[in-house]
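Chain and residue survey
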Amino acid sequence: MKAVVMSADGSFDVEQVPEPDESDLVLVEARAAGICGTELHILDKMLEPPAYPFILGHEGAGVVRYVPPGTTGVAVGDRVAIYNFIGCGHCLWCRTGREEVCADPGGQIGFTQDGTFRDVIPVPAANLIKLPDNVTFEDAALLSCSGMTAVHALRLSEVALDDTVVVDGVGGVGLMVIQVARAAGARVIAIADSDAKATLAREAGASDVIVLDDAGYEPVADRIRAATDGLGADHFFELVGTSASMLAGIRGLGRHGSAVIIGYTGEDLVINPVELILSEVRVMGSVAAAKQDLETAIALAARGQLSAQIDTRYGIDEVGTGLERLRRREVNGRNVLVW
């Protein structure tokens, strides 16, 4: 079968590799896999695979081809999305539906185990979620990262009806955060770095968009307050990952506001604690999602409340083009591999 294989020097190629054996894992024939910025982090060694060669990709959806004897809950022919985090199933966090912070994880597809950029993907049965007929494979693959991440972040911040939400970063996750916030009944202000992305943000449901200019993030906190009658936002979702963007969003919050840091970054957040204390502002991190968050994302998609804005579809042999366009920041929405 074909797979996108990364070497120790950070290069990658589409290669012929052996198909996985029929063993104790379900085999899923790939139909779609999202091309995410996380793949760039792995290629750049910000996130290090456990060994090489390594198959890239952590988002996926497809059709079940093989089910181990005795397996329940999934059958050959089922259309499924893949939840990529494999928890231990026994610790406090797994038992309470928070397996994304499992104390003893079994692995993560596309991070610590070979990923989804291949024709056939071996997956534990517990990590598969059946798809409603009206949810496409492409949407399902992208929901299995961007969509579930958005749902999880909003649950952590406890967004409520009529809250004001600021979303900084109009990429794959940011567009999903906008949609989930709107589904929760919130008003959304997006921060975009171009007019094209501002248009995407409005199409996703943002009522206001702050488009960055030559001044960068310097006036953003004031612009957030101006858009909220001086009160500040209730929630800020950070997806850009710079010191300036994080500070601007936090300083644009109102009393009891929450800032949720989602995007990976190598930059530091340095702020005087008084800025948090006086308004009782919360700053929290949000890592990926629990399986229930992917289930919720799929349910929202089935109701027409959540979908992926797809820029370009590629065959697996064209993955290099998709990754390079992502690196050059030319993608409006998401790119996806299709079979």
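To be clear, the structure that these remarks concern was listed above.
Here the residue index of a chain counts from 1 through its sequence in written order. Given that this is a predicted model, residues contribute local features only at a pLDDT of at least 70 and side-chain atom pairs are listed and counted only at 80 or more, while totals for whole chains, interfaces and linings are drawn from all residues. To obtain the side-chain values, all non-hydrogen atoms of the structure were used and water was disregarded.

Structural notes on the sheet that holds strand 4 (residues 54-55)
Let me state the cut-off plainly: Paired strands, as defined in this entry, are two strands with at least two bridges between them according to DSSP. Numbered from the N terminus, helices here are DSSP runs of H or I no shorter than four residues, and strands are runs of E no shorter than two.
A sheet is described by the order of its strands in space; here three strands give the open sequence 2-1-4, paired in antiparallel fashion. A single partner strand is all that each edge strand has here, and the edge strands are strand 2 (12-16) and strand 4. Where strand 1 (residues 2-6) and strand 2 come together, five bridges link them in antiparallel fashion. Considered in strand 2, the bridge of Ala3 is made with Glu15.

What about the packing of helix 3 (residues 137-157) against helix 4 (residues 172-183)?
Note the cut-off: Axis lines are fitted to C-alpha atoms, over the contacting stretch for helices. Their N-to-C directions set the angle, which ranges from 0 to 180 degrees. For classification, angles of less than 35 degrees are called roughly parallel, those exceeding 145 degrees roughly antiparallel, those between 65 and 115 degrees roughly perpendicular, and all remaining angles oblique. Here a crossing is taken to be left-handed if its near helix is turned anticlockwise relative to the far helix by less than a right angle, and right-handed if that turn runs clockwise. Contacts were defined at the residue level, with two residues in contact if any of their heavy atoms lie within 4.5 Å. Classification used: nonpolar for Ala, Val, Leu, Ile, Met, Phe, Trp, Tyr, Cys and Pro, charged for Asp, Glu, Lys and Arg, polar for all others including Gly.
Between helix 3 and helix 4, the shortest axis-to-axis distance is 8 Å and the interhelical angle comes to 50°. One finds that helix 3 runs oblique with respect to helix 4. As for how helix 3 packs across helix 4, the hand of that crossing is right-handed. On helix 4, the residues that touch Leu142, Leu143, Ser146, Gly147, Thr149, Ala150, Val151 and Leu154 of helix 3 are Gly172, Val173, Met176, Val177, Val180 and Ala181. Of the residues contributing to the contact of helix 3 with helix 4, the split by class is ten nonpolar, four polar and no charged.

Side note on helix 4
In plain terms, the rule: The span one expects for a helix is its residue count, reduced by one, times 1.5 Å. A simple rule labels every residue: compare its accessible area, found with a 1.4 Å probe on the protein chains alone, to the largest value its type can have, and call it buried under 20%, exposed over 50%, or partly exposed in between.
Here helix 4 is twelve residues long and its end C-alpha atoms lie 17 Å apart, about the 16 Å a rise of 1.5 Å per residue gives. In terms of residue burial, helix 4 counts as a mostly covered element, since ten of its twelve residues are buried. Buried residues of helix 4: Gly172, Val173, Gly174, Leu175, Met176, Val177, Ile178, Gln179, Val180 and Ala181, and no others. Phi turns positive one or two residues past the end of helix 4, at Gly185, with a value near 90°.

Some remarks on the side chain of Gln179
To be explicit about the condition: Polar contacts, as used here, are pairs of N or O atoms within 3.5 Å; protein pairs need one atom able to donate a hydrogen and one able to accept it. Residues neighboring in sequence count only if both atoms are side-chain atoms.
Mapped onto the secondary structure, Gln179 falls in helix 4. Here the side chain of Gln179 touches Leu175 through a polar contact of 3.3 Å, landing on its backbone oxygen. Look past the residues within four positions of Gln179 in its chain and what remains in contact with it is Ala204, Gln305, Leu306, Ser307 and Gln309.

Examining the sheet that holds strand 15 (residues 253-261)
Remark on secondary structure: sheet strands pair via backbone hydrogen bonds, oriented parallel or antiparallel. Ordered by their spatial adjacency, six strands build an open sheet running 13-12-11-14-15-16, and the pairing between neighbours is parallel. The sheet terminates laterally at strand 13 (208-211) and strand 16 (282-285), the two strands that pair on one side only. Averaged over all neighbouring strand pairs, the angle between strand axes comes to 20°, with direction disregarded. In this structure, strand 15 lies alongside strand 16, joined through four bridges in parallel fashion. Among the inter-strand pairings, Val260 is bridged to a residue of strand 16, identified as Met284. Relative to strand 13, helix 5 (residues 195-204) is tilted by about 165°, and along the sheet it contacts strand 12 (187-192) and strand 13. Against the sheet, helix 6 (residues 220-227) contacts strand 11 (164-168), strand 12, strand 13, strand 14 (233-238) and strand 15, and its axis sits at roughly 155° relative to strand 12.

Observations regarding unusual backbone geometry
Residue Pro53 follows Tyr52 across a cis peptide bond; omega there is -5°. Here Pro53 shows up in the loop between helix 1 (37-43) and strand 4. Even without glycine at this site, Asp162 takes up a positive phi of about 75°. Within the secondary structure layout, Asp162 lies in the loop between helix 3 and strand 11. Using a relative accessible area of 65% as the deciding quantity, one classes Asp162 as exposed.

Quick look at the pairing of strand 5 (residues 61-66)
Put simply, side chains in a regular strand alternate between the two faces of the sheet. Across the six residues of strand 5, five count as buried, placing the element largely inside the fold. The pairing of strand 3 (residues 26-35) with strand 5 spans five bridges and is antiparallel. Bridging from a neighbouring strand, Ala32 pairs with Ala61 of strand 5. Pairing analysis gives three bridges linking strand 5 to strand 6 (residues 79-82), with the strands arranged antiparallel.

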